[in-house]
Amino acid sequence: MMANFQDYVFYAFAAILLGAGLRVITARNPVHAALYLVLAFFTAAGIWLLLEAEFLAIALVLVYVGAVMVLFLFVVMMLDINLDKLREGFWEALPVALPVAVLMALEMALVLGSRHFGPERVATPKPHPADYSNTAELGRQLYTDYVYPFELAAVILLVAIVAAIALTLRRRKDTKYIDPAQQVKVKRSDRLKIVHMPAEKPTPPTAEGDRT
Amino acid sequence: MHPIVNDIYTALPEIFVLGMAMAILLIDLFLTERTRFLTYALSQFTLLGAAMITVATHTPGVGYAFSGMFVDDPLADVLKLMSYLATSVVLVYSRSYLAERGMFRGEFFVLTLFALLGMMVMISGRNLLTLYMGLELLSLCLYSLVALDRDNPRATEAAMKYFVLGALASGMLLYGMSMLYGITGNLDINQIGSALVKGAPDRAVLILGLVFVVAGLAFKLGAVPFQMWVPDVYHGAPTAMTLLVGSAPKFAAFALVMRLLVQALQGVVHDWQGMLILMAVLSIALGNIIAIAQTNLKRMLAYSTISHIGFLLFGIMSGTLNGFIASMFYVSVYVLMTLGGFGMILLLSRRGFEAENLDDFKGLAARHPWYAFLMLLLMFSMAGVPPTIGFYAKFAVLQAALQVGLVKLVVFAVLMAVVGAFYYLRVVKLMYFDEPQHDAPVRAQPDMTMVLTVNGLAVLLLGLMPQRLMELCAYAILHSIQ
Amino acid sequence: MTDMLTIYVLIPLLPLVAAVVIGLFGRKLPRAAAHWMTIAGVAVSFLLSCFVLKDVLAGHTFNGAVYTWMTSGGTVFEIGFLIDALSALMMVVVTFVSLMVHIYTIGYMHDDPGYSRFFSYISLFTFSMLMLVMSNNFMQLFFGWEAVGLVSYLLIGFWFKRPTAIYANLKAFLVNRVGDFGFLLGIGMVLYTMGSLDYQAVFSIAPQFADATVELIPGHPWQLMTVICLLLFVGAMGKSAQVPLHVWLPDSMEGPTPISALIHAATMVTAGIFMVARMSPLYELSTTALSVVMVIGAVTALFMGFLGIVQNDIKRVVAYSTLSQLGYMTVALGASAYSVAIFHLMTHAFFKALLFLAAGSVIIGMHHDQDIRNMGELKKYMPVTWITALIGSLALIGTPFLSGFYSKDSIIEAVALSNIPGSGFAHLAVLAGVFVTAFYSFRMYFLVFHGKARWREARHEHGQAAQDAHHHGLGPHDEPHESPWVVTFPLVMLAIPSVVIGYLTIQPMLFGDFFKGAIVVNAEAHPAMHELAHHFHTVFHSPAGMALHAVASLPFWLAACGVGLAWFFYLKRPNIPETLKQRFAVIYAILENKYGFDTFNERFFAAGVRWVGDRLWRHGDVQIIDGTLVNGTARLIGCFAAVIRHLQSGRIYHYAFAMIIGVFVLLTWFMKV
């Protein structure tokens, strides 16, 4: 009975997830689209909970919904994005795109259907005892067997930061900021230049010179 | 040896490059415009050091690290050494170009070194996870390098295209990888390989995964029909970045193909063979024919790249060790020629002027006979005219294909190579038989002239003595792939 | 033996070193260095070649590798030399003519800004040609083949400021690519079936394949040897300008005259002849291939001769004459008379180089006016050129005792004795060719050296229009003058062998053991050569006897008629040609249009890359090369490119969509559910 209940929950989450995902790309208003994405994240987190991946589920809600999406919503609201321009090619491409999409979905459905991925093809995983810590296990894996990909992920994030700054940081040209270190280091010769000139001009003064 | 010590020892070149990249990132903060040369020198030093470490830790055997996610075999070492060399040449060629355009900044060097790190990770990857992460690391660096000239709308547009399409391709690759994981329950290359050899558990799913993996690889290589980004990115990016995108990463892409198709998916060799044949034929035909219609040298070289990739695939699709050796030979020759070709564009460019149109090469022989001669060698090599190395590279891959009986395809490829000769020789014609359009002097740094000279002559000298390079490729392949 | 090997290596290397030094540093060195260095290189090569020939005659042949280039899949590619009578003879001919041309060039190119470049090119050419003839394997043969083609391409376009020169070199290049493609396929087929590229290995294994067949189109077995020989011959047709791949040679006259003499008369164009002779062990296995060779040669020999009659450019007359003579050599090859073909190749190299250089001397004298209608009476002003040109013409038409007589008569005899299909037609063609040759040669000779001094009238028109440095003609007060000694000396030096070489060498070369081991003839299947020797020994006894007997033979009288008719038409009654021209306007038009080969090519190959080349010429404008070349090619790939370009729209949607369709196609194609 419980297993059945879990099934129902799964199907409910899955349906909401798909619906929300579809709306993310079809919603006309970008704020709505972002909100649908939040919904999608929530339901995905729910599904992960069903899979006993509690840490990931909570991380998804906290990090993506709590931080990333809120930031994203700010950006969307602050920028005036002209969605109609972005969608320009959508309808003219549809007559070609739709059949291809349908055919491709069909092909994938043929393969990904229950014939190859049905429940009977995969052994049911053994449920873990109640004191099993998903988080501790994840941590152990992450810092032992998967330390290499973990470090790589860190490098990728570093590159992302470097790249983002390199592409966006602009130093203002008209800034009045003065570097104190430079100021202290200044020498007399930098400011004052003594030019030696002959005491007397060798050429006779012109008529114009006389007047002044 | 303790596992951690072993891990560090085996991955020492990667660790060194990473450490140096971060050090340069910090050091550069304290440098001014005048002392920025230090960043450049440190980058070159990093490459040299990495090469020395790689050579010092090299063994003919296969070593593993990080619970088998990292492999250090002769293939990896040789490809890494080639990547260092190519990257180093890229830095030499682009120095004055970048300085003249205000891009001679620490970010360029840091991102280049991180891109190199990505390549190294790919080359040494023995796990779908690490292969993918290496690819992302490399791609991310390349996207941002292309956009580094941020006030240039053409470059940012190119970067945008590269980024969006690259993300799509990454998605495809990842999707294919997940299918492979789904049927074998494993991310490890060798274990996937042995699982498939034992008997494909689920052919339909396997093929589905294979198609997506091949599509992802084809995008990275730039094979038809996943080549669309190549001309736009090569053309739009600042030439120094084009040089980088077009050279060293090809080694990593080749390694990726070797790891994924050959080591992991050798069980379905007949399936991917068919796909590669299709893409190779289309690439050679489309690349060569469209290149004729180009007036921009960078764009022409982009299409020429597509056709070269077609030839490269000829060796791989033969599915024999001979074919892989020939392909590795081809990819190294290709990088050598690409470095020279774009290097020549960089050489002739100057502040506010990009020597990227074919017309800019008119009458070069009268103005600078030596540069024209080098370009002539490079063009001949790309066209596959003996005795340049390009001829031998084409010959080797076609021979490998012939050995497995792909006679018609080889005849087709030869025909297309003849078509291709037309547009390469047009460049020669422009240089030697046309009137110069302007008379601006070329002011090249002595180091660049020297490296470019070595690069151009290498095309000829290696063509006269290809045996060494061939032996190196054979050594790398035969000691790494069973 | 190692000493000899050093000599072999030095022979091609000396010109190469000279070429490289002059090519790279020519601008910095004094002008005289260019000719001194290259001439010294070629001269030493020539002397060494003579030494090698003497050594070969003493029985010392050589076949071996000098340098191994690479080993691939069991196939060895190496630079190697095969020194036997055939290659030694070619080496002497090549270096001698090259030396003469080098000397001549000092005078001819005296004021040209590309002086050192030119010397560098011709030395480079000498090197390439030597590598070609000395090769002991197909790979090196092909390398030499491409290299001479490349240098010829560079030299035709030497005056790159002339649009016609650029067009001509593009045309030469493209036509030769057609030939090279066949040649390469032939070589590939040799490697594929016999597993080796070494001459000796291939020749020794070839008889085993005599009856082998190959199905290029499934269900139609063809004899393997025929296919190989024909493919190789396609290469020879391109290089030796046989119909229908001859179209580039007349246009190649855009190049400076010294290279017309060296490359387009004496050496490079004969590479095809040399190649077939070298491959005689293969050709002997396929009578079908020999028939094709003979018929193509016969068509070239006769019909290209006709075209020589209507040309007015002095160099073009000689060019068509070259085409016709190459046809003769090819006919000889077809008749299995390889030694006769090489013999004619040698004599032709001397007298045709002589004629070209004489034409060049005339051109210098006429201040670069090349139209023979504007010449006449030059014998008074240019005595040395006159005498040597007369000797050359007499040799060309086959006057008894002169070199051309021995070689050409032997060809005609060999064809008459041949029994393969097509030999009847070929015999008629070469006989008619004798008359035609005599007619056009002496038409040119009379128009240039005798008759009225027409330049006196013509120069008034030329006087004002003297803007083009290369086409100005005589000024109003100029008289033609004899050329300097550097020009006339080679003429004399070439005139000597043109007279005597046939008489001296016919006996050993054709009927002795000279080519033993180098050329193979299957005497049972193709007895022509055997019977020819028999005939010579029983009837003529000696070269002098052969010449004396000729007076009673048909070719002699045909030649005499030709000369007589030329005299009548162009000296006695100069109005007749005009009348005939109007009376037979159709024939004249056909000849004028060169049988429409160019027109045909233009229209028929419009779908190929050749189309672009012809396009260029039709507009005849440098502008085209800049602008329309690109657009023209775009039009060539037509709708295909249009579709692709449409896809390369620059819009990211389209690109992504193309990728998805790519995945879709792969998925549909390879999916096996």
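Residues numbered from 1 in each chain as written. Chains lettered and ligands numbered in written order. Predicted model: local features only at pLDDT ≥ 70, side-chain atom pairs only at ≥ 80, totals over all residues.

**Looking at the overall build of chain A**
Secondary structure assignment for chain A yields 11 helices and zero strands. The helix and strand sequence of chain A, counted from the amino end, reads α-α-α-α-α-α-α-α-α-α-α. Taken over 212 residues, chain A has a buried fraction of 10%. (Helix = DSSP H or I, 4+ residues; strand = E, 2+ residues; numbered from the N terminus. Buried ≥ 20, exposed ≤ 12 C-beta atoms within 10 Å, placed from the backbone.)

**Some thoughts on the overall build of chain C**
If you tally the helices and strands in chain C, you get 32 helices and four strands. When each of the 673 residues of chain C is scored for burial, the buried share is 57%. Put simply, 79% of the contacts in chain C that link residues at least 6 apart link residues at least 24 apart. (Contact = placed C-beta atoms within 7 Å.)

**A short note on the interface of chain A and chain B**
Listed as interface residues are 17 residues of chain A and, on the opposing side, 27 residues of chain B. Mapped onto the side of chain A that touches chain B, the elements with two or more residues apiece are α5 (90–112) and α8 (147–168) of chain A. Here the element with the most residues in the side of chain A that touches chain B is α8(A); it accounts for 13 residues. The residue inventory of the side of chain A that touches chain B, partitioned by class, reads 15 nonpolar, one polar and one charged. (Nonpolar A, V, L, I, M, F, W, Y, C, P; charged D, E, K, R; others polar.)

**Things to note about the packing of helix α18 (residues 403–417) of chain C against helix α23 (residues 543–550) of chain C**
Residue and element names in this part refer to chain C. At a minimum axis distance of 11 Å, the contact between α18 and α23 shows a crossing angle of 75°. With respect to α23, the axis of α18 lies roughly perpendicular. Across the interface between the two elements, F405, Y406 and D409 of α18 pack against P543, M546, A547 and A550 of α23. Residues that form the contact of α18 with α23 fall into these classes: six nonpolar, no polar and one charged. (Axes fitted to C-alpha atoms, helices over the stretch in contact; angles between N-to-C directions. Parallel < 35°, antiparallel > 145°, perpendicular 65-115°, else oblique.)

**Brief notes about the packing of helix α14 (residues 297–317) of chain B against helix α18 (residues 389–403) of chain B**
Residues and elements named next belong to chain B. Taken N-terminus to C-terminus, the directions of α14 and α18 make an angle of 40°; their axes are 8 Å apart at the nearest point. As summarised for this structure, α14 and α18 are arranged oblique, according to the angle between their axes. The crossing of α14 and α18 is left-handed. Here F311, L312, F314 and G315 of α14 come into contact with α18, specifically with K394, V397, L398, A400 and A401. Across the contact of α14 with α18, the residue classes tally to seven nonpolar, one polar and one charged. (Left-handed = near helix turned anticlockwise from the far one by under 90°.)

**A look at the environment of Q403(B)**
Along the chain, the position of Q403(B) falls in helix α18. Considered as a pair, Q403(B) and A285(B) are 118 residues apart in the sequence and their alpha carbons are 22 Å apart.

**Side note on the nonpolar core**
Nonpolar side chains tend toward joint burial in soluble globular proteins. Core analysis: the largest hydrophobic core is formed by 463 residues, its most contacted members being V146(B) and A353(C). Broken down by element, this core gets its largest block of residues, 20 residues, from helix α15 (residues 338–365) of chain C. Apart from the residues lying within four places of it in its own chain, the contact partners of V146(B) are A155(B), A158(B), A159(B), Y162(B), V233(B), A237(B), M241(B) and V245(B). Judged by nonpolar contacts, the second largest core, of nine residues, contains A40(A), A45(A), A57(A) and L60(A). (Core = buried A, V, L, I, M, F, W, Y, C linked by C-beta atoms within 7 Å.)

**Structural notes on the interface of chain B and chain C**
Across the boundary between the two partners, chain B contributes 44 residues, which contact 35 residues of chain C. Sorting the residues of the side of chain B that touches chain C by element identifies α7 (153–184), α9 (203–221), α10 (229–236), α13 (269–292), α18 and α19 (407–433) of chain B as the ones contributing at least two each. Tallying contributions element by element places α9(B) first for the side of chain B that touches chain C, with eight residues. Considered class by class, the residues forming the side of chain B that touches chain C number 33 nonpolar, six polar and five charged.

**Here's the deal with unusual backbone geometry**
Across the junction of V224(B) and P225(B), the peptide omega takes the value 5°, indicating a cis bond. Mapped onto the fold, P225(B) is located in the loop between α9 and α10. Cis geometry is found at the peptide bond from V243(C) to P244(C), where omega equals 5°. Phi at S67(B) is positive, roughly 45°, even though this residue is not glycine. Mapped onto the fold, S67(B) is located in the loop between β1 (63–65) and β2 (70–72).

**A look at the pairing of strand β4 (residues 220–223) of chain C**
All names here are of chain C. Pairing between strand β3 (residues 213–217) and β4: four bridges, direction antiparallel. Following the sheet pairing, I217 is matched in β4 by H220. The antiparallel hairpin formed by β3 and β4 contains two residues in its connecting segment, where G219 sits at a positive phi of about 95°. (Pairing = 2+ DSSP bridges.)

**Observations regarding α8(A)**
Its 22 residues give α8(A) an end-to-end C-alpha distance of 32 Å, which sits within 8% of 32 Å, the value for a rise of 1.5 Å per residue. Those residues of α8(A) not exposed but buried are Y148(A), P149(A), L152(A), V155(A), V159(A), V162(A), A163(A) and A166(A). Within α8(A), the buried residues cover an arc of 130° as seen down the axis, which keeps them to one side. Opposite the buried face of α8(A), at more than 90 degrees from it, the exposed residues are A154(A), L157(A), I161(A), A164(A), I165(A) and T168(A). On its buried side, α8(A) packs onto α2 (12–29), β2, α5 (106–123) and α6 (128–146) of chain B. (Expected span 1.5 Å × (residues − 1). Arc of directions from axis to C-beta.)

**Comments concerning helix α8 (residues 189–198) of chain B**
Residue and element names in this part refer to chain B. Burial in α8 covers these residues: I189, I192, G193 and L196. Buried positions in α8, seen along its axis, are confined to an arc of 100° and lie on one side of it. Of the surrounding secondary structure, the elements contacted by the buried residues of α8 are α7 and α12 (249–264).

**Some points on the confidence of the model for chain C**
Low pLDDT marks stretches whose predicted atomic positions should not be read closely. Residues and elements named next belong to chain C. Scored by pLDDT, chain C has a mean of 82; 88% of the residues are at 70 or more. The low-confidence segment residues 613–634, where pLDDT is below 50, has 33 contacts with residues more than four positions distant or belonging to other chains. Interface confidence for the predicted complex, given as ipTM, is 0.92, next to a pTM of 0.70. (pLDDT = per-residue confidence, 0-100.)

**Some words on the environment of V227(C)**
All names here are of chain C. Structurally, the position occupied by V227 is in helix α8 (residues 224–239). Sequence separation of V227 and M189 is 38 residues, and the distance between their C-alpha atoms is 8.8 Å. Among all residues touching V227, those that are not within four sequence positions of it are M189, V214, L216 and W222.

**Looking at the environment of V92(C)**
Residue and element names in this part refer to chain C. The residue V92 is located in helix α3 (residues 85–108) in this model. Placed 41 residues apart in sequence, V92 and F51 show a C-alpha to C-alpha distance of 9.3 Å. With residues up to four places along the chain from it excluded, the contact list for V92 reads S49, C50 and L53.

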